[in-house]
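An overview of the molecular structure
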Amino acid sequence: MRVKALAALLVTAALLLSSCSTDGQAAEDAAAAPTANAEVADLAFTSETLDGGTFEGESLAGKPAVLWFWAPWCPTCRAQAGGVSTLAKEYDGEVAVVGVGGLSAPQDIRDFADQVDGPLHLIDPKGEIWKHFGVQAQSTYLVLDADGHVVADGYMDDAVLAERVSELVG
């Protein structure tokens, strides 16, 4: 009996520590609707864009934003690319959709980002922006309202993410 319990514990730990998140009710619960005491995101960061320009995080202030933390080698992230692209195009001008590609070589990040049309992509090979926002796994979303309050974070499937964004633009 103890062997089965230990095996179950190890499997659970492996899933939690795995490279990519999995779908499930707990993940959706973690991406709950905004609360009155929502944390305000620290937008004081700078990053490089795909074209070599500089992106100031503070430029996100004043309108809703979605930050998508992804890695080019993550199968979940690759599967989400189409949904993120659609979301970015649908809400162009209303919601800033920013992909934060990290934890890989800059060229690998560029190669994948070039395939995902719509969002603005940042290159974060060492995960500095990830650390700034406390992101520990990909794929992770951070959804902010126009005042910078975190209204949802964590793994979300396309439908949950679209619902959260729709709620922001009302």
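Residues numbered from 1 in each chain as written. Predicted model: local features only at pLDDT ≥ 70, side-chain atom pairs only at ≥ 80, totals over all residues. Heavy atoms only, no water.

Examining the confidence of the model for the chain
Within the chain, residue pLDDT values average 83, and 78% of them lie at 70 or more. Predicted confidence for residues 1–36 stays below pLDDT 50, and this span has 34 contacts to residues more than four positions away or in other chains. (pLDDT = per-residue confidence, 0-100. Contact = heavy atoms within 4.5 Å.)

A few points about helix α6 (residues 158–169)
The first and last C-alpha atoms of α6 sit 17 Å apart over 12 residues, in line with the 16 Å expected at 1.5 Å per residue. Of all the residues in α6, the buried ones are Val-160, Leu-161, Arg-164 and Val-165. The buried residues of α6 all sit within an arc of 130° when viewed along its axis, so they share a single face. With a side-chain oxygen positioned 3.1 Å from the backbone nitrogen of Ala-159, the residue opening α6 is Asp-157. Backbone geometry just downstream of α6 places Gly-170 in the positive-phi region, at approximately 55°. (Helix = DSSP H or I, 4+ residues; strand = E, 2+ residues; numbered from the N terminus. Expected span 1.5 Å × (residues − 1). Buried < 20%, exposed > 50% of the residue type's maximum accessible area, 1.4 Å probe, protein only. Arc of directions from axis to C-beta. Polar contact = N/O pair within 3.5 Å; in protein donor to acceptor, adjacent residues only side chain to side chain.)

Describing the environment of Asp-42
Positionally, Asp-42 belongs in the loop between α2 (25–30) and β1 (46–49). Classification of Asp-42 by relative accessible area gives partly exposed; the value is 43%. Placed 107 residues apart in sequence, Asp-42 and His-149 show a C-alpha to C-alpha distance of 9.5 Å. What Asp-42 contacts, discounting residues up to four positions off in sequence, is His-132 and Phe-133. A distance of 3.0 Å separates the side chain of Asp-42 from the backbone nitrogen of Ala-44, its partner in a polar contact.

Thoughts on the nonpolar core
In terms of nonpolar packing, the biggest core is built from 26 residues, with Val-66, Trp-68 and Leu-161 touching the most fellow members. Sorting elements by how many residues they give to this core places helix α3 (residues 75–90) first, with five residues. Membership of the second largest hydrophobic core comes to 19 residues, among which are Leu-43, Phe-45, Trp-130 and Val-135. (Core = buried A, V, L, I, M, F, W, Y, C linked by side-chain atoms within 4.5 Å.)

Looking at the packing of α3 against α6
For the pair α3 and α6, interaxial distance at closest approach is 10 Å and the crossing angle is 20°. Between α3 and α6, the crossing angle belongs to the class labelled roughly parallel. With respect to the hand of their crossing, α3 and α6 are arranged in right-handed fashion. Along the contact surface, α3 presents Gln-80, Gly-83 and Leu-87, while α6 presents Asp-158, Leu-161, Ala-162 and Val-165. Grouping the constituent residues of the contact of α3 with α6 by class yields four nonpolar, two polar and one charged. (Axes fitted to C-alpha atoms, helices over the stretch in contact; angles between N-to-C directions. Parallel < 35°, antiparallel > 145°, perpendicular 65-115°, else oblique. Left-handed = near helix turned anticlockwise from the far one by under 90°. Nonpolar A, V, L, I, M, F, W, Y, C, P; charged D, E, K, R; others polar.)

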